[in-house]
Amino acid sequence: MQTYQDIILKLKSFWAAQDAVIQEPFDMEVGAGTMCPETFLRVLGPKPYRTVYVQPSRRPADGRYGENPNRLYKHMQLQVILKPSPDDIVELYMRSLEAIGIDLRRHDFKLEEDNWEAPTLGAWGIGWQVMLDGLEITQFTYFQQCGGIDLDLVPVELTYGLERLTAFLQNVDSMYDIQWNDTWTYRDVRLLDEQQYSVYNFEKADVSAIRKAFEIHEAESRRLVGEYQTVEDTAESARFPLLPAYDQVLKCSHLFNTLDARGAISVAERAAMIQRVRKLAVSLAAAWMDQQEAIG
Amino acid sequence: MAEFLLEIGVEEIPDWMIEPACEHLKRNFLGVLTETGLAEGVACVTHATPRRLVLAAQQVPERQADKEEVLKGPPRKIAFDAGGKPTKAGEGFARRAGVAMTDIQVGIDDRLFVKRIMKGRGTLEILGEALPAVILKIHFPKTMYWTGKSGPRFIRPIRWLVALLDGRVVPFEIAGVASGGSTQGHRRLGSVGIDVTSFADYQDQLYENYVLLSAPTRRERIEKLAEELVHDGLRVRKNDKLLKTLCYLTEYPTPILGKFEEEFLDLPEEVLETVMQHHQRYFAVENANGKLQPHFIAVANLDGDPAGEIQRGHERVLRARFNDGRFFWEVDQKQKLSERVEDLEGVVFHAKLGTYLAKSRRMIRIVGEIASELGVNDETSRHARRAAELAKCDLTTAMVGEFPELQGVIGGLYATHQGEPREVADAIYDHYLPAGAEEEIPRGLAGRMVAITDKLDTLGGFFAAGMMPSGSRDPFALRRAAYGIIRILIEGELPLSVDRLCELAGAGGHAGDLRTFFVDRLRYYLREVRGYRYDEVNAVIGASSEVPLDVRLRTEAISRVRPTPDFEPLAVSFKRIENILRKAGGVEKYAVQTVAMDLLEEGSEADLYRAVTALSAQVSRRKRMGEYAAALIAIASLRPAVDRFFDDVLVMAEDEAVRNNRLVFLAHVLTEFSTIADFGEIVSG
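Not measured: the values here are computed from a predicted model. Every chain is numbered independently, its residues counted from 1 as its sequence is written. Chain labels run from A onward and ligand labels from 1 onward, assigned in the order the entries are written. pLDDT decides what is reported in this predicted model: residues at 70 or higher carry local features, side-chain atom pairs at 80 or more are listed and counted, and totals for whole chains, interfaces and linings draw on all residues regardless. Hydrogens and water molecules were not included; the side-chain quantities draw on all heavy atoms of the structure.

Participant: With reference to specific residues and values, describe the packing of helix α15 (residues 445–464) of chain B against helix α18 (residues 511–529) of chain B.
Facilitator: Helix-helix packing is characterised by the crossing angle of the two axes and by the distance between the axes. All names here are of chain B. Axis separation between α15 and α18 bottoms out at 10 Å; the angle between their running directions is 130 degrees. Taken as axis vectors, α15 and α18 run oblique relative to one another. The handedness of the crossing between α15 and α18 is right-handed. Of the residues in α18, those in contact with L456, L459 and F463 of α15 are D513, L514, F517 and F518. Ten residue types, Ala, Val, Leu, Ile, Met, Phe, Trp, Tyr, Cys and Pro, are classed as nonpolar, four, Asp, Glu, Lys and Arg, as charged, and the remainder, Gly among them, as polar. In terms of residue class, the contact of α15 with α18 is made up of 6 nonpolar, no polar and 1 charged. Lines fitted to C-alpha atoms define the axes, with helix axes restricted to the stretch in contact, and inter-axis angles between N-to-C directions lie between 0 and 180 degrees. Counting from the N terminus, the helices are DSSP H or I runs at least four residues long and the strands are E runs at least two residues long. In what follows, roughly perpendicular refers to angles from 65 to 115 degrees, roughly parallel to angles under 35, roughly antiparallel to angles over 145, and oblique to any angle outside these ranges. With the far helix as reference, a near helix turned anticlockwise by less than a right angle produces a left-handed crossing, and one turned clockwise produces a right-handed crossing. Contacts are residue-level and defined by heavy atoms, with any inter-residue pair within 4.5 Å sufficient.

Structure, rendered in structure tokens:
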């Protein structure tokens, strides 16, 4: 039997053989692998890039106190970005499944329309959900726009849902029964996480403190991007800390998700906060494009 | 004559876009043939799978016919000098025309001209130039670019192109992909780089490579193999929409039978069916009585499942889904619908139109008004108001969160489970009906009233905010809402008036627009759905469009009485009366006056007057009782008297008083008998 970590290792080496940089997870809370700078910023501009990384993705509202076999507060995405997308990408992707032991002559493989959109990032793409014997295992997206900017080179994003894929391959019904390695299960490794963060997100998170934090991070990002816009010297532009400014956007996005899970946001406010985060992401993306030119 | 084959090899196209894309492809292609004079006698078919759009044309001319062309030049006087020698202008013309001076002739208009034979161009060359646009102009609802933002747009990336004219490659290129003569088979069961020579060869080779090119063939295969999987009096529950989806999600479909635990049958059938058909795209299986059985049929894009792996995979997914469904059901029962009313404060109906709490409060009021308008009994009125109060509460449930397409249905099921009266539960269950042209209207009176109310409130809100549909844009499905109301009023036999509905809708300054909107839907319904002739509909609506149910009854009466011998001739006479009155200053001018008996001429005029008087009481009695056909037959019986009147009597008499009186009399006849239909609208013959 292939363990959870076997599958990760095989997928990483498969894509590494396609010249992808093996990145490590981004060290901040994100709701999806797309939000990491390795995707969000790398897809902007004309420079080719390829990377693969596992990103723990936190969605506070999806927590179920570790009691639901299929839903997790934090799930693991294996994220692949190929920019530009190669012509044989579907075939390559199918071969990656075969690399983890899925014989596609014996399984029902379908690409079903599913266009991905992330309103807080001003990003969207065209693609499919990949269905294997009726199970959605990957989101397959040709990015079209990111941070409100039309993309020069069209990247493909493959997001594998690692828990689902492993549960499928190990033939278990609960994600917690996944064998992480030969000794420990997913439950052993992650259950406490799920329980405690569910309690925090649904019961304990201090709404007013989080609101304040949201505002502080928002202000910090806005301040930095605003300052960048006033820099005239090219060398100064090139060394300006836009990456830290993007960290602040991610903070806002996560804090917003926490408030949302806590049920602290009214419907009208919800739309307004999404707009606020989106605005940060969009102005950051524009500044980033500008800086890339300055760097050359 | 040649055969042309085009295959656009694409990554998986969304199933629902494929048939329209084939239509566009065919239209674009034939458009090019027509423009270039190559269309005559061409027979053209299209086929498609998720990965290919295919067009095959037979009897395509190999080249355009040669054409004689006349090129006009300058006047002779300018082209030749006095000595008859060509001038610069003359030589220039010959050069441009590409002929020697000696080939030039002078026409009767004294200008130079030259006749040339234009060689027709080869079809290969013409198609090579035209095909990129033929392909890229296929309309898709949402397109993408894949070679960079300045590259072409299509539904998904184009990966290969086959274009053969009698086996010869028609050369062109799209997004770096050059046309050729080589195709690909099924993603895993077939090969790539399959060279083909003709359409027949192409189909054979695809078949060998596990691609069933024709959608009807795939459909038959699904239906046949699925039926073979079920035994013992079981059968596959029909679902044409799903069948079509699966035809366009597969190149080589193979049905696979799966089962699930019987205990899940405790869940409502609606939930099971939605999970299976909408989410998982499985066919449900039922017994001879139509009861759901613990089996399903998945359709794989493969040739079989000898080891049962695919079956087990689908079963596991379905089990997880059903478990979710059961979990949602249990969670939702912790808070009754009636305890969720205030939660609707947190659910926005539309940013400009407030929350669902506000909507449900308006609905309670409106449905109460409708109930009293219709004079329904107290119990039904109470049930309708209760249903209006609870109708939207399921929007806050976990089940509807997971299965939004079940809104209403879930509310109805929960209401039953939570002990609401059956009429209330049914009304909630049905209140989105009729959602499609083929769907039924709500079962009961309370449900009909609530369904009308919900739609009416939506229409009123959007109209008041000025967000009416325009052209093909109708993002809030307001046409469907209005049309649904018309259907419920007519098919549910509710005699409500359009004006009253518009009042209740709260459309503000746009009440008039809403009224017109309803009447347009009413016309559409009568003509397109009920199949009444357009002039009958115009005649009836011309008389009055007030109560849709009544309009329908009157239209029915007209269409029944119309074939009787007196009807159309009488309609012609009525039209004549209308014209006479219009020329004389308008119907209204005379209708307000009274007829002076003593000015009527004895004979045909007085006879008609007596006939009219005798009839009018009878007609209005029939009308009051809703016996419109009988009333119309009675009116038609006037024909001989009317005919004699026009034969014998000169309406525009010399004597002014007599003339005026005649016009008054005719105006009375017209208005008296035009309340069922405006006969002037009937087009005879």
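Participant: Run through helix α20 (residues 548–561) of chain B, naming residues and quoting values.
Facilitator: All names here are of chain B. Each helix should span, by expectation, one fewer than its residue count multiplied by 1.5 Å. Its 14 residues place the ends of α20 20 Å apart at the C-alpha level, agreeing with the 20 Å of an ideal helix rising 1.5 Å per residue. Relative accessibility decides the category of a residue: with a 1.4 Å probe and only protein chains considered, values under 20% of the type maximum give buried, values over 50% give exposed, and everything between is partly exposed. All of the buried residues along α20 are P548, L549, V551, R552, R554, T555, A557, I558 and V561. Contact partners of the buried residues in α20: α16 (478–491), α17 (498–505), α18, α19 (534–543), α21 (567–583) and α24 (628–636).

Participant: Go over the sheet that holds strand β16 (residues 253–259) of chain B, please, and point to the residues and values.
Facilitator: Strand pairing within a sheet occurs via backbone hydrogen bonds; the two strands may be parallel or antiparallel. Residue and element names in this part refer to chain B. Strand pairing is assigned whenever DSSP detects at least two bridges linking the two strands. One open sheet accounts for 4 strands, arranged β15-β17-β18-β16; its pairing is antiparallel. If you trace the sheet from one side to the other, it starts and ends with β15 (235–236) and β16, each paired once. Across the face of the sheet, helix α9 (residues 309–332) comes into contact with β16 and β18 (292–301) while running at roughly 55 degrees to β16.

Participant: Explain the sheet that holds strand β5 (residues 105–106) of chain B to me, and be specific about the residues and the numbers.
Facilitator: Residues and elements named next belong to chain B. The strand order β4-β6-β5 describes an open sheet built from 3 strands, whose pairing is antiparallel. Taken across any chain shown, the strands that pair with only one partner, and hence form the sheet edges, are β4 (67–75) and β5. Direction of pairing for β5 relative to strand β6 (residues 111–118): antiparallel, over a ladder of 2 bridges. Across the sheet, Q105 pairs through a bridge with F113, a residue of β6.

Participant: Pulling in residues and values, what's your account of the environment of A:Q23?
Facilitator: All names here are of chain A. The residue Q23 is located in the loop between β1 (21–22) and α2 (37–40) in this model. Residue class for Q23 comes out partly exposed when judged on its relative accessible area of 26%. For the pair Q23 and L44, spaced 21 residues apart in the sequence, the C-alpha separation amounts to 18 Å.

Participant: Explain the state of the cysteines residue by residue, including any values.
Facilitator: Residues and elements named next belong to chain A. Two cysteine sulfur atoms make up a disulfide if the distance between them is within 2.5 Å. Scanning the entire structure with this criterion turns up 0 disulfides over all chains. The closest cysteine sulfur to the non-disulfide-bonded C146 is located on C36, 12 Å from its own sulfur. Note on C146: relative accessible area 0%, which makes it buried. The thiol sulfur of C252 is not disulfide-bonded, and the nearest other cysteine sulfur, from C36, lies at 16 Å. Overall, the relative accessible area of 0% leaves C252 in the buried class.

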